[in-house]
Amino acid sequence: MAQSAVSPVVVTATRQAVGVTELLSDVTVIERAELDQAGASTIEEVLSRQPGIQFASNGGPGALSSVFIRGTNSSHVVLLIDGMRAGSVTAGGVSWWRVPVSQIERIEIVRGPVSSLYGSDAIGGVIQIFTRGGQGPLSVTADAGVGSQGTAALNAGLSGSQAGWRYALNVGRSRTSGINVKPTSPSPMDADSDGFSSKSLTGRLSYEMAKGHELGFTYFRSEGENQYDGYGYADVDHRNKTRVSSVSAFLNNRLSANWSSQLRLSRSTDDAGEYAGATQSSRVHSSQTQLSWQNDVHTQVGTFLLGVERLEDDVDASSTYVETSRAMNSLLAGWRGTYQAHSLQANVRHDDSTQFGDQNTGSLAYGYRFNPQWRLSATYGTGFKAPTFNDLYFPLECYGPDCYGGNPALRPETSRNREATLHFEQQGHHVSLTWYLNQVDNLIVWGNTPENVAKARLEGLTLNYGGQVAGWDVQASYDYLDAKDQDTGERLAKRARHHAAVSLGRRIGPWEGRLEWQGSDRRVEYPYMSPAVKLSGYSLAHVYGAYHLNAEWSVFARVNNLFNREHELTKGYATLGINTFIGVRYTPR
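Every chain is numbered independently, its residues counted from 1 as its sequence is written. For this predicted model, a pLDDT threshold of at least 70 governs which residues receive local features, and a threshold of 80 or more governs which side-chain atom pairs are given and counted, while totals over whole chains, interfaces and linings are taken from all residues. Side-chain metrics in this entry use all non-hydrogen atoms of the structure; hydrogen atoms and water are not considered.

K.L.:
Before we go on, may I ask you to explain the overall build of the protein in this structure?
P.N.:
In this description a helix means any DSSP run of H or I spanning at least four residues, a strand means any run of E spanning at least two, and both kinds are numbered starting from the N terminus. When helices and strands are tallied, the protein shows four helices and 35 strands. Summarising its shape, the C-alpha atoms of the protein cover approximately 70 × 60 × 45 Å along the three principal directions. For each residue, the accessible area found with a 1.4 Å probe, counting protein chains only, is set against the maximum for its type, and the residue is called buried under 20%, exposed over 50%, and partly exposed in between. Looking at the protein as a whole, 52% of its 589 residues are labelled buried. In the protein, once contacts between residues fewer than 6 apart in sequence are set aside, the share between residues at least 24 apart is 59%. If you sum the accessible surface of the protein, you get close to 25900 Å²; carbon and sulfur atoms cover 57% of it. Residues counted as positive are Lys and Arg, residues counted as negative are Asp and Glu, and His and the chain ends are not counted. To locate a charge, take atom NZ for lysine, CZ for arginine, CG for aspartate or CD for glutamate. Here the protein carries 52 positive and 57 negative side-chain charges, and the mean point of each set is 5 Å from the other. Residues are treated as being in contact if the distance between any of their heavy atoms lies within 4.5 Å. Methods summary: accessible areas were calculated by the Shrake-Rupley approach with a probe of 1.4 Å, and residue burial reflects only the protein chains presented.

Okay, structure coming up:
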C-alpha cells in the first residue's frame with residue numbers, strides 16, 4: 001500500500017502497537033478506503049491483489065477456496081478476527097468466503113513464520129481482520145448495491161463513544177445467483193447456476209472504568225449457504241451451510257506508566273452442514289476456546305512481551321472420531337529494542353500439547369538504518385503446524401479394496417525461514433525488495449492414510465512499490481516464487497512462478513477512479529500426473545469509479561474482469577467473466 005505521511009500503527013507483527021516503518025517483518029495494511037473500492041469482490045480476491053499472496057477457488061462466490069502466502073499451503077496461515085482465532089479444527093482451513101468485506105475496518109498481513117508469536121499453523125503468516133468500529137459522537141454508515149448474476153448487498157452500522165463507553169454494531173446481507181461452476185459436467189443437475197447468500201453481524205461494547213482500565217466484549221457472526229456441483233455422485237442439488245462465529249471478553253489494564261496487561265477469553269466456532277437435495281449428508285461442529293494473558297513492559301533497554309495462553313479444540317460431528325478434544329498450553333516471550341541505527345527483535349514460544357507433546361519455536365530479526373531513506377532487515381524464524389483432527393482421526397471408510405482414514409501417529413509439520421528486505425522511503429514513496437527461503441519438513445500427504453513424507457522448498461523475491469506519481473496513487477508488486485517438492489523437484493500445485501499486480505488511482509474534485517491489473521503465470525494442477533495437468537496463465541483488469549455527491553453521500557461502480565478473460569483457478573471449474581456492481585454509500589465525515 002502507499003505510505004501515508006503518518007506511519008500506520010500495526011499490532012499483528014509483534015502483538016504490540018508499532019509504527020509500520022519500525023517493523024522488521026514483511027507487513028501489508030489494507031485500510032477501509034481500499035476495501036470500499038472492492039465492490040462485490042470477495043476477501044480472497046482482495047487478498048490476491050497483495051504482494052506474496054495467491055489464491056484458488058472451485059468456482060464463484062461461496063465456493064471452496066485456498067489462500068497461499070509465499071507458496072505455503074492454505075492451512076499454513078492463521079486467521080485472527082479481532083484477536084481471536086478462526087477456522088475449522090477438522091479440515092484445518094479457513095472459511096474465507098464467510099468473512100464479508102463489508103464488516104472489515106482494516107486487514108493486517110504478516111508474511112513469514114510467526115509461530116513464535118501465534119503458535120501452530122503460522123508457517124506462512126498471519127492475517128488479522130479488525131471489524132468495523134468507531135469513536136466520538138454517534139455515527140451511522142450504510143451502503144447498498146446490485147450487480148451481475150443477480151447480486152445484491154445491503155449493509156448498515158452505527159458506532160460511537162460517550163462517557164467512557166465505546167460501542168459498534170454492524171449488519172449485512174448479500175446474495176448472488178452465481179454461475180454454473182462445472183459447465184462440462186455430464187450430470188443434468190450440474191447445469192444450473194450455483195448461488196450463494198450470506199448474512200453477518202458484528203458488535204463490540206467496552207467501558208473505561210478509569211484511565212487505562214477497560215473492560216469490553218466483541219462479537220462476530222456470519223452464516224451463508226452456497227450451492228455446488230456434487231462431483232457426479234448423485235443427480236441432486238448439493239448445498240453447503242456454514243456458520244462461523246466468535247465472541248470474546250477482554251480486560252485491558254495499564255498497571256503503571258511502563259506496564260500494561262491484557263486478559264482475553266474468546267471462543268470461535270465453525271459449523272458446516274452438507275446437503276444432497278433436502279437430505280443432510282454430514283455435519284461438523286468445531287470450536288476453539290482460548291484464554292490468554294499478555295503483559296507489555298517498557299524499559300530503558302527495550303520493550304518486553306510476556307504471555308501465557310491455553311487453547312482448547314473440540315469437535316462434534318456426524319462421523320465418529322476416536323478423539324474429539326485436545327488442549328495446548330503455551331508460554332511466550334519477546335523483546336525488541338533500538339540503539340542508534342540498529343533494531344533488534346527476538347521471540348520464543350513453548351507449546352505443550354495434550355496430543356503431540358512439546359514444540360519450541362523462535363525468531364530473531366535485525367534491522368539497520370543507513371540513513372533516513374534506506375534501511376535493511378534480516379530475519380530467521382521457525383514455525384510448526386499441528387495435524388488436524390481429520391489428519392489424525394478421520395473415521396476409516398472403505399470403497400471396495402481401498403480404505404481411507406486418519407493416522408494418529410502423525411507429527412507436526414515444521415519450518416525454517418530466512419529472509420532479508422531492503423527498504424527505500426522518501427517523500428511518500430516506498431519501495432521494498434524481499435528475498436525469502438522457507439523450508440518445510442514433515443509435510444503431511446494423504447494417500448490411503450496421511451503420512452509425514454514430504455518436504456517443500458519455497459524461495460522467492462517480492463518487489464513492492466507504493467506512492468504518488470504525477471498526482472496518481474500508484475501501487476505495484478511483482479512476485480517470483482520457486483515452490484517445489486524438495487525430494488522430487490516437482491512444482492507445488494496452484495502456485496504461479498510469476499505473479500504481478502498494478503493499480504492506479506486518482507481523485508479530481510468529486511470524482512474518484514482506480515484502474516487495476518493483475519497477472520499470473522502458468523500453474524500446475526496435478527504435478528505428479530504424467531504429463532502434469534496445467535492451468536494457463538491469466539491477465540485480468542478491473543476498474544472502480546465513484547462520484548461524491550457531498551461529504552457524506554457517494555455513488556460507486558466496479559467492473560471486474562473488464563475484458564471478459566477466460567481463466568481457471570482450479571481445473572474444470574469456471575470463474576466469473578465480466579461482472580459489475582453499482583451502489584450508493586453513506587459515510588459521515
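K.L.:
Even after reading the chapter, I still don't get the packing of aromatic side chains, so can you show me in this structure?
P.N.:
Aromatic ring pairs are reported here in terms of the distance separating the ring centres and the angle at which the planes meet. Note on aromatic pairs: the rings of Phe, Tyr and Trp (six-membered ring only in Trp) are paired at centre separations within 6.5 Å, and the planes decide the class, stacked below 30 degrees, edge-to-face beyond 60, tilted for the rest. Under the counting rule described, the total for this entry stands at nine aromatic pairs. Ring centres of W165 and Y207 lie 4.6 Å apart, and the angle between their planes is 40 degrees; on these two criteria the pair is classed as tilted. Remark: Y207 occurs in strand β13 (residues 194-210) and W165 occurs in strand β12 (residues 165-179); sequence separation between them is 42 residues. Since its relative accessible area comes to 30%, Y207 is described here as partly exposed. Relative to Y547, the ring of W511 has its centre 4.6 Å away and its plane inclined at 55 degrees; by these criteria the two rings are tilted.

K.L.:
I keep staring at a nonpolar patch on the surface and nothing clicks. Help me out?
P.N.:
Side chains of F370, W374, L376, L422, L433, W435, L461, L463 and Y478 sit close together on the surface and give an oily, nonpolar patch of about 780 Å² of accessible area. Listed by contribution, the elements that provide at least two residues to the nonpolar patch are β22 (374-385), β26 (429-446) and β27 (450-469). Note on patches: the residues involved have over 30% relative accessible area and no salt bridge, like charges join within 9 Å, and the nonpolar side chains Val, Leu, Ile, Met, Phe, Trp and Tyr join within 5 Å. Take a side-chain nitrogen of Lys or Arg and a carboxyl oxygen of Asp or Glu: if they are within 4 Å of each other, that pair is a salt bridge.

K.L.:
Would you mind going over the pattern of salt bridges with me for this structure?
P.N.:
Pairing between side chains becomes possible if they bear opposite charge and their charged atoms approach one another. By the definition in use, this model includes 29 salt bridges. Residue E223 is joined to R221 by a salt bridge in which the shortest nitrogen-to-oxygen separation is 3.0 Å. Looking at E223, the relative accessible area reads 25%, which means it is partly exposed. Among the residues examined, R221 registers a relative accessible area of 28% and is labelled partly exposed. Among the salt bridges present, the one from R416 reaches D441, with a minimum N-O distance of 3.6 Å.

K.L.:
So what exactly am I meant to see when it comes to the state of the cysteines here?
P.N.:
Disulfide: a covalent bond formed between the sulfur atoms of two cysteine residues. By disulfide we mean two sulfur atoms from cysteines, separated by a distance within 2.5 Å. With the rule as written, the count across this model stands at one disulfide. Between C398 and C403 runs a disulfide, and the two sulfur atoms are separated by 1.9 Å. The disulfide joining C398 to C403 has a torsion of about 105 degrees about its S-S bond and is therefore right-handed. Judged by its relative accessible area of 45%, C398 falls in the partly exposed class.

K.L.:
What exactly am I supposed to notice about the nonpolar core here?
P.N.:
Nonpolar side chains in soluble globular proteins tend to end up buried together. With 29 residues, the main nonpolar core has I43, L47, L79, W96, I107 and I127 as its most contacted residues. At the level of elements, α2 (43-48), β4 (53-57), β5 (65-69), β6 (77-81), β8 (104-111), β9 (125-131) and β33 (538-548) are the ones that each hand at least two residues to this core. Leaving out residues up to four positions away in the same chain, W96 has contacts with I43, E44, L47, S65, V67, V77, L79 and I127. Buried Ala, Val, Leu, Ile, Met, Phe, Trp, Tyr and Cys residues that are joined via side-chain atoms within 4.5 Å together make up what is termed a nonpolar core.

K.L.:
In this structure, what is going on with the pairing of strand β3 (residues 26-31)? I would like to understand it.
P.N.:
Two faces belong to every sheet, and in a regular strand the side chains alternate between them. Most of β3 is tucked away: five of the six residues are buried. Between any two strands, at least two bridges found by DSSP are needed for them to pair. Sheet analysis places β3 next to β8, joined by six bridges and oriented antiparallel. Each residue of the ladder has a partner; that of I30, found in β8, is I107.

K.L.:
Looking at this structure, how should I read the side chain of D296?
P.N.:
When you line up the elements, D296 lands in strand β17 (residues 279-299). No salt bridge is formed by the buried D296; the nearest opposite charge belongs to R336, separated by 7.4 Å. For D296, the side chain forms a polar contact with the side chain of Q16, separated by 2.9 Å. Nitrogen and oxygen atoms within 3.5 Å of one another constitute a polar contact, given that in protein one can donate a hydrogen and the other can accept it, and given that sequence-neighbouring residues count only through two side-chain atoms. Looking at D296, its side chain comes within polar contact range of the side chain of Q294, at 3.2 Å. Setting aside chain neighbours within four positions, we find D296 in contact with Q16, N258, W259, S260, F304 and L305.

K.L.:
I would appreciate a short explanation of the environment of E490 in the present structure.
P.N.:
Relative to the helices and strands, E490 is located in the loop between β28 (472-485) and β29 (498-508). For E490, a relative accessible area of 32% gives the class partly exposed. The spacing of E490 and V524 is 34 residues in sequence and 9.4 Å in space, taken between C-alpha atoms. Dropping the residues within four chain positions of it, E490 is found in contact with A483, K484, D485, P527 and Y528.

K.L.:
Please clarify how the side chain of H430 should be interpreted in this entry.
P.N.:
One can find H430 in strand β26. At 3.0 Å, the side chain of H430 forms a polar contact with the side chain of H423.

K.L.:
Quick question: what am I supposed to make of the sheet that holds β3 here?
P.N.:
Hydrogen bonds between backbone atoms are what pair the strands of a sheet, whose relative direction is either parallel or antiparallel. Strand order across the open sheet formed by five strands is β3-β8-β9-β6-β7, with mixed pairing between neighbours. The sheet terminates laterally at β3 and β7 (84-86), the two strands that pair on one side only. Within this sheet the neighbouring strands show an average axis-to-axis angle of 25 degrees, counted without direction. Angular values range over 0 to 180 degrees, each being the angle between N-to-C directions of two axes fitted as lines to C-alpha atoms, with helices fitted over their stretch in contact.

K.L.:
Sorry, what's going on with unusual backbone geometry here?
P.N.:
Trans is the common state for peptide bonds, and a negative phi is the common state for residues other than glycine. Of note, the phi angle at A163 is positive, near 50 degrees, even though the residue is not glycine. Topologically, A163 is positioned in the loop between β11 (151-162) and β12. With relative accessibility at 68%, the residue A163 sits in the exposed group. Here the phi dihedral of N442 falls at roughly 60 degrees; this positive angle occurs in a residue that is not glycine. Mapped onto the secondary structure, N442 falls in strand β26. Its relative accessible area of 22% is what places N442 among the partly exposed residues.

K.L.:
What am I meant to see in the confidence of the model for the protein here?
P.N.:
If pLDDT is low for a region, its predicted coordinates should not be looked at in detail. With 98% of its residues at a pLDDT of 70 or more, the protein has an overall mean of 92. For the protein, strand β23 (residues 397-399) is the element with the lowest average pLDDT, namely 79, and strand β20 (residues 342-353) is the one with the highest, namely 98. Confidence drops under pLDDT 50 across residues 1-5; counting only partners more than four residues distant or on other chains, this segment forms 14 contacts. Residue-level confidence of the predictor, termed pLDDT, takes values from 0 up to 100.

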